[in-house]
Amino acid sequence: MKIRVLGCGSSAGVPLIGCKCPVCVSTHPRNKRSRVSIVVEEGPSRILVDASPDLRQQFLTADLATVDAVIITHSHADHVHGIDELRSVNVHKKGPLDFWAAPEALAEIRKRFDYAFQAPHGTYVWYAPVLVPKPITERRLTIAGLPVETFWQGHGERENTLGLRFGRFAYSTDAKTLSEEAFAALEGVEVWLVDCLTEQPNYGHSHLAQTLDWIARVKPKRAILTHMNHTVDYESWTARLPAGVEMAHDGMEIEVA
Ligand SMILES: [Zn+2]
Ligand SMILES: [Zn+2]
Ligand SMILES: [Zn+2]
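Residues numbered from 1 in each chain as written. Chains lettered and ligands numbered in written order. Predicted model: local features only at pLDDT ≥ 70, side-chain atom pairs only at ≥ 80, totals over all residues. Heavy atoms only, no water.

Once that is clear, we can look at the coordination of the zinc ion (ligand 1). Around a metal, the idealised angle for a tetrahedral arrangement of four donor atoms is 109.5 degrees; for an octahedral arrangement of six donor atoms it is 90 or 180 degrees. Bound to the zinc ion (ligand 1) on the protein side are Asp 78 (OD), His 79 (NE2), Asp 174 (OD) and His 227 (NE2), at distances that span 2.1 to 2.3 Å. Around the zinc ion (ligand 1) sit four donor atoms; with metal-centred angles ranging over 92 to 161 degrees, the donor geometry is irregular. In primary-sequence terms, the residues that donate to the zinc ion (ligand 1) follow D-H-x94-D-x52-H. Between the two metals, the zinc ion (ligand 1) and the zinc ion (ligand 3), the spacing is 3.5 Å, and Asp 174 donates to both. One end of the pair, Asp 78, is in helix H3 (residues 77-80); the other, His 227, is in the loop between strand S13 (222-226) and helix H8 (234-240), with 149 residues separating them in the sequence. In terms of burial, Asp 78 and His 227 fall into one category: buried. (Donors = N, O, S within 2.8 Å, 3.2 Å for Na, K, Ca; no water. Tetrahedral: all angles 85-135°; square planar, octahedral: opposite > 155°, others 65-115°. Helix = DSSP H or I, 4+ residues; strand = E, 2+ residues; numbered from the N terminus. Buried < 20%, exposed > 50% of the residue type's maximum accessible area, 1.4 Å probe, protein only.)

See the structure below:
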């Protein structure tokens, strides 16, 4: 299995518009973070997780034309506002695209992107995305031929996000709290791509000390931090992270045996 990290940045990206902090003005390529999306590939199957507002440039950079399905972790703008770019997938597939999300997230997304959920009409041109809503109502399901396990994560006081497990790989973006059920779903995972917004505790996201505590409990072979904001400098953080913990960067490719 191969995971491509298309983007690993916080909701406003790094650099922030107008910010002159050391990370935002840094010329280090790994201090440039687009909004989060990943692609999970195994054999002929390719699943996109989240539709970043930066999706167009991410597909161009990764030389990606199409995917077999999309899974959305939650309906926040930084995870869905690239939906319009999925038109290109319809054009290349010459067909509709399965669009998986929890029922509440699907309802919210359909309010904002109703035009993308019109009945498949048989012509796939650059007019509008043609998405087939697929509610995630089971904990275990098969998407584009791949077994996927989902689990809930807390994301602030009222929000929840879907954590995803694909075999030995798990993805926990936008997580502030993990339940015992979530830890059970993560048991035995070998590579874990996990939320770590910044150093300071945050309302909706995990911060460094807590994420390291989670990693000590889950004990993956390899833990990779993501959804990082503009306070996080790639080189200085990389130098201080414990063994087995590393930073994601845009364009990172992760092989999972
Ligand atoms: Zn987010
Ligand atoms: Zn900044
Ligand atoms: Zn979010």
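Moving on to the coordination of the zinc ion (ligand 3). Protein coordination at the zinc ion (ligand 3) comes from His 74 (NE2), His 76 (ND1), His 155 (NE2) and Asp 174 (OD), with a distance range of 2.1 to 2.4 Å. In this structure, the zinc ion (ligand 3) is surrounded by four donor atoms whose angles at the metal cover 90 to 170 degrees, and the resulting shape is irregular. All donors of the zinc ion (ligand 3) come from a single chain, and their spacing in sequence reads H-x1-H-x78-H-x18-D.

Counting residues in each nonpolar core, the largest one holds 54 residues, and the members touching the most others are Ile 71, Phe 166, Phe 169, Trp 192 and Leu 225. Sequence-distant contacts of Trp 192, that is, excluding residues within four places in its chain, are made with Ala 170, Tyr 171, Ser 172, Leu 178, Leu 186, Trp 214, Ile 215, Val 218, Pro 220, Arg 222, Ala 223 and Ile 224. Leu 6, Leu 97, Phe 99 and Ala 101 belong to the second-largest nonpolar core, a separate cluster that totals 24 residues. (Core = buried A, V, L, I, M, F, W, Y, C linked by side-chain atoms within 4.5 Å. Contact = heavy atoms within 4.5 Å.)

Let's shift gears to helix H2 (residues 55-62). By the burial criterion, the buried members of H2 are Leu 55, Gln 58 and Phe 59. One side of H2 carries all its buried residues, which in axial view fall inside an arc of 95 degrees. Counted as exposed and oriented over 90 degrees from the buried face of H2: Arg 56, Leu 60 and Thr 61. Contacts made by the buried residues of H2 are with strand S1 (2-7), strand S2 (37-42), strand S3 (45-49) and helix H4 (87-93). In the segment just after H2, Asp 63 is the residue with positive phi, at about 55 degrees. (Arc of directions from axis to C-beta.)

A word on unusual backbone geometry. Val 14 connects to Pro 15 through a cis peptide bond whose omega is 0 degrees. Here Pro 15 shows up in the loop between S1 and helix H1 (22-25). Phi at Asp 174 is positive, roughly 50 degrees, even though this residue is not glycine. The phi angle at Lys 219 is positive, at roughly 55 degrees, despite the residue not being glycine. As for its position among the elements, Lys 219 is in the loop between helix H7 (208-218) and S13.

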